[in-house]
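# Results of the structural survey
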Amino acid sequence: MEHHYTSRIFWTGNLGTGTSGYKAYARTWDIAISGKEVIHCSNDPLLGGDASKMNPEDLLISSLSACHMLWYLHLASDAGITVLGYEDSPLATGEISKGGAGRFISAVLRPTITVAEGTNLDAATAIHHEIHKVCFIARSVNFPVSCEPEFIIRQA
């Protein structure tokens, strides 16, 4: 079954003279999707962007992490594993070629998952290996994605 996703991107970086010169415009834009909050974005600071705004690289690694998390919660629930908390600090590694073209070469998801006391941690860990078979984002990227989970056990 096919799904469609849409977004609207609006360049906000015209400083008055458009792209009349390389430094004459800002690398900023908004992402606007009907019924959702606008996200104000910029280019990576290494490329002249505003470090206080999300950039495409931030959005990609965050999407990858969020998709993994949502599948983890789903599969954990199916397996009878009670997840009480989930945080991730993913790390993506990129490279830039001599010509200036960039790409991601790997990503590591590093979730800290709080589970109920008595959880089988081997089973909870094994779920991560199943996610890449179904995660929309992980199945769409062309670089390796690994996962290094940590667990916190807490009384439910």
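So, here is what we can say about the structure in this document.

Conventions adopted
- Residues numbered from 1 in each chain as written.
- Predicted model: local features only at pLDDT ≥ 70, side-chain atom pairs only at ≥ 80, totals over all residues.
- Heavy atoms only, no water.
- Buried < 20%, exposed > 50% of the residue type's maximum accessible area, 1.4 Å probe, protein only.
- Helix = DSSP H or I, 4+ residues; strand = E, 2+ residues; numbered from the N terminus.
- Pairing = 2+ DSSP bridges.
- Lys, Arg positive; Asp, Glu negative; His and termini not counted.
- Salt bridge = Lys/Arg side-chain N within 4 Å of Asp/Glu carboxyl O.
- Contact = heavy atoms within 4.5 Å.
- Axes fitted to C-alpha atoms, helices over the stretch in contact; angles between N-to-C directions.
- Core = buried A, V, L, I, M, F, W, Y, C linked by side-chain atoms within 4.5 Å.
- Arc of directions from axis to C-beta.

## What about the pairing of strand E2 (residues 28-32)?
For E2, the buried fraction is high: 5 of the 5 residues fall into the buried class. Here 4 bridges tie strand E1 (residues 8-11) to E2, and the two strands are oriented antiparallel to one another. The partner of Phe10 across the bridge, within E2, is Asp30. Bridging between E2 and strand E3 (residues 39-42) involves 4 bridges; their strand directions are antiparallel. Looking at E3, one finds that Thr28 is bridged to Ser42. Hairpin remark: E2 followed by E3, antiparallel, with 6 residues in the connecting loop; positive phi at Gly35, about 80 degrees.

## Details of the side chain of Arg27
Its place among the elements puts Arg27 in the loop between E1 and E2. This buried residue, Arg27, is left without a salt bridge; Asp44 holds the nearest opposite charge, at 11 Å. The residues contacting Arg27, other than those within four sequence positions of it, are Tyr22, Cys41, Ser42, Asn43 and Leu47.

## Overview of the sheet that holds strand E7 (residues 111-116)
An order of E4-E7-E9 is seen for the 3 strands of this open sheet, with the pairing classed as mixed. What marks the edges here is a single partner per strand, and that holds for strand E4 (83-88) and strand E9 (150-154). Pairwise comparison of adjacent strand axes, ignoring direction, gives a mean angle of 15 degrees for this sheet. Alignment of E7 against E9, held across 5 bridges, turns out to be parallel. Residue Val115 lies in a different strand from E9, and its bridge partner there is Ile153. Helix H1 (residues 56-78) contacts E4, E7 and E9 of the sheet and is inclined by roughly 165 degrees relative to E4. Along the sheet face, helix H2 (residues 121-131) touches E4, E7 and E9 and points at about 140 degrees away from the line of E9.

## A closer look at the nonpolar core
Core analysis: the biggest nonpolar cluster contains 20 residues, and Leu64, Tyr72, Ile81, Ala107, Ile127, Phe143 and Val145 have the highest contact counts within it. At the level of secondary structure, the elements contributing two or more residues to this core comprise H1, strand E6 (102-109), E7 and H2. Per-element tally for this core: the top contributor is H1, with 5 residues. Sequence-distant contacts of Val145, defined by excluding residues within four places in its chain, comprise Leu64, Ala107, Leu109 and His132.

## Description of H2
Residues Ala124, Ile127, His128 and Ile131 constitute the buried set of H2. Angular distribution of buried residues about the axis of H2 spans 100 degrees; they occupy a single face of the element. Of the residues in H2, the exposed ones pointing more than 90 degrees away from the buried face are Asp122 and His129.

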